[in-house]
Amino acid sequence: MSAKPLIIFDCDGVLVDSEPISLAVLREALATEGISICDEDARRLFLGRSLATMLAIVKDDYGATLGDGFLEGLRRELYARFRAELKPTHGIAAAWAELEASGYDFCVASSSQPERIRLSLEIAGLLPRFEPPIFSASMVENGKPAPDLFLFAAGRMNRQPEECLVIEDSAAGIAAAKAAGMRVFAYLGATHARSPDYREQIAALHPDLMFDAMDNLVQRAAKV
């Protein structure tokens, strides 16, 4: 690329270390519905997926239709846990400062609902850097691993796919970025991404780069 790429950040697991909290709350909520899912299966089925996709998976794989009451309770418990425990990704504030100083444009494109994205960023002290623009899977027809969200974000930011660099942590997100024709870096510094099995899964998708720390993100992006 001749110009600096647009940096498209995923939120959960990239900007905030939220996935262990989210998966724990989801597993506990599903258990109240008689659905027992181990941590490994929860990561495989739900990591990086939208709420609509999660509901469809539960219906297709477990024969359970989850109603509004379930979702309200899930959000209530999740947001309470976020307020008590959620932290920003280590080094992300410094990475942003370098990106801004170097003239990069960046945005958020997440599978989460807009309310949850803003709450996560607010709790972590990151919201002023990203609002606007924040893009959610609720804004498009198909969530990750479909390319819709990343293509939507690029269009709203007046960029072509080849002018974008996605920072993702999940298999669904990496697949979505590749389907959109974008470069993608796999961030593996979050708590849920440190196991050898997870790293092997991500490596099998052939992201353009796998990295563990947000420092030197500018230098990495400059090589795209």
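Residues numbered from 1 in each chain as written. Predicted model: local features only at pLDDT ≥ 70, side-chain atom pairs only at ≥ 80, totals over all residues. Heavy atoms only, no water.

**Points about the packing of aromatic side chains**
Right, on to step 1. Counted according to the given criterion, the structure contains 9 aromatic pairs.
Right, on to step 2. With centroids separated by 6.3 Å and ring planes inclined at 90°, the aromatic side chains of Phe9 and Trp96 adopt a geometry described as edge-to-face. In this pair, Phe9 is assigned in strand β1 (residues 6-9) and Trp96 in helix α5 (residues 92-101), connecting sequence segments 87 residues apart.
Right, on to step 3. Look at Phe9 and you get buried, because its relative accessible area is 0%.
Right, on to step 4. Ring geometry for Phe9 against Phe130: centres 5.9 Å apart, planes inclined by 80°, an arrangement best described as edge-to-face. One end of the pair, Phe9, is in strand β1; the other, Phe130, is in helix α7 (residues 127-130), with 121 residues separating them in the sequence. Both residues of the pair, Phe9 and Phe130, count as buried.
Right, on to step 5. Grouped by ring-pair contacts, the aromatic residues Phe9, Trp96, Phe106 and Phe130 constitute a single cluster.
Right, on to step 6. Across from the ring centre of Tyr104, 5.9 Å away, lies the NZ or CZ of Lys4, which sits over that ring. (Phe/Tyr/Trp six-rings, centres within 6.5 Å; stacked < 30°, edge-to-face > 60°. Helix = DSSP H or I, 4+ residues; strand = E, 2+ residues; numbered from the N terminus. Buried < 20%, exposed > 50% of the residue type's maximum accessible area, 1.4 Å probe, protein only. Lys NZ or Arg CZ within 6 Å of the ring centre and 35° of its normal.)

**A closer look at helix α3 (residues 51-62)**
Right, on to step 1. For α3, which comprises 12 residues, the first-to-last C-alpha distance of 16 Å matches the rise-based estimate of 16 Å (1.5 Å per residue) to within 8%.
Right, on to step 2. Of all the residues in α3, the buried ones are Met54, Ile57 and Val58. Across the axial projection of α3, the buried residues extend over an arc of 100°, all falling on one side. Facing away from the buried side of α3 by more than 90 degrees, the exposed set consists of Ala52, Lys59 and Asp60.
Right, on to step 3. Turning to α3, the residues buried within the fold contact α1 (19-32), α2 (39-46) and α4 (68-85).
Right, on to step 4. Of the residues trailing α3, Gly63 is marked for its positive phi of about 70°. (Expected span 1.5 Å × (residues − 1). Arc of directions from axis to C-beta. Contact = heavy atoms within 4.5 Å.)

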